[in-house]
Amino acid sequence: MSRTHPLGLAAAAALVAAAAFVGTGTADPLPGGLGPCLGPACPDPFPPVGNGDFAGRDEAVTIFVGRDFRVRGGAAEAEGRVVVGGTFDQAKETGSAVYNVGVVGAGSRVPPPGGSDFLVTGGAVTVATGQRLLADGGVVHHAGPLTGQVTGTDRPDPRAFAPYAGVAAELTGASRCYARAAATGTAVNQGYRTLFTGDGTSALQVFTVDFDLTSGGGAQGIAFQGVPDGATVLVNLVGDARSIATYSGELTDGGPFNALRERLLWNFPDAAAVTLGGSGQFQGSVLVGNPDSTTVVTLPGTAGRFFTTGSLVHGGPANSGQEFHAYPFTGDLPSCRTTTTTTTTTTTAAPTTTPTAPTPSTPSPTSEIPTSEIPTTGPAPEPGPAPRPEPEPADLAHTGTPLTALPPLGALLVLAGGTTLLLVRRR
């Protein structure tokens, strides 16, 4: 089903601020439906990284950055829809002048629909002199000023980021919630690689990692075993700063790391500094939950969604051309539904039939006469006024005779009847 943007966002921020996330043990997707491909033109399956014809179209957010997105070094492209809460600042190294958003030269080749938003910002878009930001076939939708050379449709709009205003808060809450999930497997840094060993049975494989995935500061392999086919893999990398440097992952599909891609999530709930580097094609989606964080990506390629509530720096050596490739996340994660405190108010529903006057022994619940003022002896009191109906909405037409007109009309009828009887008797 096609959707314009992934979240009911205006309410999302208030919901996250007012409620605590709790794990219930059931499975959910990422908040607000983030992760899967959206729209009627999604391919199934997504093709491996290549430069062929378009394989489909994806209306979902591929990259979300809560604060600033800085393009540096030799960064080449970000495939899919890119949403930035702060500024988008492109200042690459000399001799590396172009950065693509939306449509890229090599990737999944599943861009956003033509003519839709390729880049959305809540702040300025700044492209350094002599460089170009290419959004060919799409829209650069920006809330702040635009400086520099940009292709595609330029759409200034102070409310460009408004539909996404609650995303960062919801992602932060979810990231912290996922980190509380009980581990089902182990992770061991063996120097030349980090080996993740699952329990072989759970549909959600959870690993808690409190160390860097590096080998003496250099790159290492990443390997998984004991993960059932179709299982979701959640790797929680806890700590104030975390680094991954790996040579694992291939452009072509078929390797065990690539096979996990669409059901693998790397979650950094706490880190203020995240570094993703090495020489591999990094597989899986990334979630960075600390809004005060900065994530630096120097990998040649990543394949998955990339969501950070903080800032993102994309770029390594000028001659390497770092790329974000758009692939969905379709895993089932721990449920992080919210708990709220509510106040219940009991009300009496208005009767659906014509009300009758109350009797002394059975006062009407809608009567405004206090029970203590109803006499218990002597003649029965005159019936009180019938309860007035609830007022109708102001925009609805009123039909029929108003109830307040009925008593005078009855009096006129009685008077007319008495006069007629008197005339008959006189005749």
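Nothing here was measured: the structure is a model prediction, and the numbers come from that model.

S.K.: How should the packing of aromatic side chains be read in this particular structure?
M.R.: Aromatic ring pairs are described here by two measures, namely the spacing of the ring centres and the angle between the planes. Applying the stated rule across the entire model yields 16 aromatic pairs. With a centroid separation of 5.3 Å and 70 degrees between ring planes, the pair formed by phenylalanine 69 and phenylalanine 88 is classed as edge-to-face. One end of the pair, phenylalanine 69, is in strand β4 (residues 69–71); the other, phenylalanine 88, is in strand β7 (residues 88–90), with 19 residues separating them in the sequence. The buried category is assigned to phenylalanine 69, whose relative accessible area is 0%. What makes phenylalanine 88 buried here is its relative accessible area of 0%. Ring geometry for phenylalanine 257 and phenylalanine 282: centres 6.1 Å apart, planes at 80 degrees, overall edge-to-face. Residue phenylalanine 257 is found in helix α3 (residues 256–259), and its partner phenylalanine 282 is found in strand β24 (residues 281–283); the two are separated by 25 residues along the sequence. Residue phenylalanine 282 is classed as buried on the basis of its relative accessible area of 1%. Joined through ring pairs, the aromatic side chains of Phe196, Phe207, Phe224, Phe257, Trp266 and Phe282 make up one cluster. Sitting over the face of the ring of tyrosine 327, arginine 261 holds its NZ or CZ atom 4.0 Å from the ring centroid.

S.K.: Would you mind showing me how to read the nonpolar core here?
M.R.: In summary, soluble globular proteins display a tendency toward joint burial of nonpolar side chains. Ranked by internal contacts, the top residues of the largest apolar core, which has 47 residues, are Phe69, Tyr99, Phe196, Phe224, Val235 and Trp266. Apart from the residues lying within four places of it in its own chain, the contact partners of phenylalanine 196 are Thr186, Ala187, Phe207, Val209, Leu213, Ile222, Ala223, Phe224, Gln225, Val235 and Trp266. Ala160, Leu171, Leu265 and Leu333 belong to the second-largest nonpolar core, a separate cluster that totals 23 residues.

Procedures and definitions
- Residues numbered from 1 in each chain as written.
- Predicted model: local features only at pLDDT ≥ 70, side-chain atom pairs only at ≥ 80, totals over all residues.
- Heavy atoms only, no water.
- Phe/Tyr/Trp six-rings, centres within 6.5 Å; stacked < 30°, edge-to-face > 60°.
- Helix = DSSP H or I, 4+ residues; strand = E, 2+ residues; numbered from the N terminus.
- Buried < 20%, exposed > 50% of the residue type's maximum accessible area, 1.4 Å probe, protein only.
- Lys NZ or Arg CZ within 6 Å of the ring centre and 35° of its normal.
- Core = buried A, V, L, I, M, F, W, Y, C linked by side-chain atoms within 4.5 Å.
- Contact = heavy atoms within 4.5 Å.

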